[in-house]
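Understanding the architecture of this molecule
Below are the chains, spelled out letter by letter.
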Amino acid sequence: VALGLYFPRREYLENVYIDEPAGTPLLHIRALRDSQEEGVHFHLCQNLIISRARSHENNWFQIREKTGLLYLSKSLDREDFNMLSVGNWMPLSKVMLYVFLSSHPFQEKECDSATRATVFLSLINATAPACSSLTARQLCFTEMDLSFHIKENKPPGTFHQLQLPSVHHLCQNLSISYKLLAAEGVPFRYNENTTGVRVTQSLDREERERYELIAKCTVREGLREMQVEVPFLVNVLDEDDSPPFLPNGTDTADAVVEFNRKEGTVLSTLTVYDADTTPIYPLESSRKKYTGTIITEDPWISETFRVEHIFDEIHFSPNGSQVRGTRHEY
């Protein structure tokens, strides 16, 4: 069971044109490990979801089990397009595929796993455009935002491929190169030989929750050169690994009770910070995580006093970057 492996992005988008030859690579799907020893195996569900109500056997798309490269196993002709489009008058048809992960080779070829990514393919009723007609943006990046989620405390690994396999395959006369622009010391590296982007060390969400980088692409065709830059964002997913803490280490608050206090009078407050989690909704879920209890054997005290729990989201600033957390007041 793939409990640890996960996809750094849950959705992928790609265009597929009529009559692209079998073997055309479409996109590269990546996964990250939970522990260094895990193997990574990809498997494609053999059902194409055409609309909410319809599915069709997948005869056109395959994935390489070890590398996550999705490719055309059969050319998609006009007849196929008409069959897969809801009506053949439409210029494009959207189909959906599920990709699954496992730390072992897949035995069963069924579509059932908690760890899956969705691939949305736009089938376009036209042949692939000439490379010279594409903009630098189209040659360098898909329509997807370059936005990723990486879990904290996990081993390093490659989580994205900048080069577009389909463009690289079709536009071999062009020179397309990339750079990852980032501040000094950021734990991400771009490998020019593989075009992969790697997280170089395990991350700590309590140190930094979000990284904002820029992917820069240069396209050269003869003497002509075009450049395009897009945001490259990494969000760090939380693991409940840091205990709550008290400001100034004070875990005691004195309460003085005077006569004739009105009901609802606040007698004392105690504040607890948690840098590890943020308030979740419904609010009762957050409230249940921490409870305030008066420990007493005197029934009068139990009936006369109660602990109220108020909490809100706050920001900590370790190393100058903002990290969300929660302040609990009792």
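Everything here concerns the structure above.
Note that the structure is a prediction, hence the values are computed from the model and not measured.

**Some thoughts on the sheet that holds strand E15 (residues 210-221)**
Strand order in the open sheet formed by 4 strands is E10-E16-E15-E12, with mixed pairing between adjacent strands. Two strands lie at the open edges of the sheet, namely strand E10 (146-151) and strand E12 (175-181), each paired on one side alone. Adjacent strand axes in the sheet meet at a mean angle of 25° when their direction is disregarded. Relative to strand E16 (residues 224-237), E15 is paired through 12 bridges, and the arrangement is antiparallel. Following the sheet pairing, Ala215 is matched in E16 by Val230.

**As for the state of the cysteines**
In this structure the tally under the stated criterion is 2 disulfides. The disulfide that involves Cys131 links it to Cys171, with 2.0 Å between the sulfurs. As the torsion about the S-S bond is roughly -85°, the Cys131-Cys171 disulfide counts as left-handed. On the criterion of sequence distance, the pair formed by Cys131 in the loop between strand E9 (116-124) and helix H2 (136-140) and Cys171 in the loop between helix H3 (165-170) and E12 is long-range, its members being 40 residues apart. For the residue pair Cys131 and Cys171, the accessibility class agrees, reading buried in each case. At a sulfur-sulfur separation of 2.0 Å, the disulfide partner of Cys140 is Cys217. Given an S-S torsion of about -70°, the disulfide between Cys140 and Cys217 has left-handed geometry. Placement of the pair is Cys140 in helix H2 and Cys217 in strand E15, with a sequence separation of 77 residues. Here the two residues Cys140 and Cys217 agree in accessibility, since each one is buried.

**Quick word on the packing of aromatic side chains**
Inspection of every chain in the model, using the stated rule, returns 10 aromatic pairs. Ring centres of Phe148 and Phe159 lie 5.3 Å apart, and the angle between their planes is 75°; this geometry places the pair in the edge-to-face category. On the criterion of sequence distance, the pair formed by Phe148 in strand E10 and Phe159 in strand E11 (residues 157-161) is long-range, its members being 11 residues apart. On the basis of an interplanar angle of 50° and a centroid distance of 5.9 Å, the ring pair of Phe245 and Phe316 is categorised as tilted. With Phe245 in the loop between E16 and strand E17 (271-274) and Phe316 in strand E18 (residues 310-316), this residue pair connects regions lying 71 residues apart in the sequence. Judged by relative accessible area, which is 19%, Phe316 ranks as buried. What links up through ring pairs into an aromatic cluster is the set Phe148, Phe159, Phe188, Tyr211 and Phe232. A cation sits over an aromatic face here: Arg116 above Tyr98, 3.8 Å from the ring centre.

Criteria and thresholds
Residues numbered from 1 in each chain as written. Predicted model: local features only at pLDDT ≥ 70, side-chain atom pairs only at ≥ 80, totals over all residues. Heavy atoms only, no water. Pairing = 2+ DSSP bridges. Helix = DSSP H or I, 4+ residues; strand = E, 2+ residues; numbered from the N terminus. Axes fitted to C-alpha atoms, helices over the stretch in contact; angles between N-to-C directions. Disulfide = S-S within 2.5 Å. Buried < 20%, exposed > 50% of the residue type's maximum accessible area, 1.4 Å probe, protein only. Phe/Tyr/Trp six-rings, centres within 6.5 Å; stacked < 30°, edge-to-face > 60°. Lys NZ or Arg CZ within 6 Å of the ring centre and 35° of its normal.

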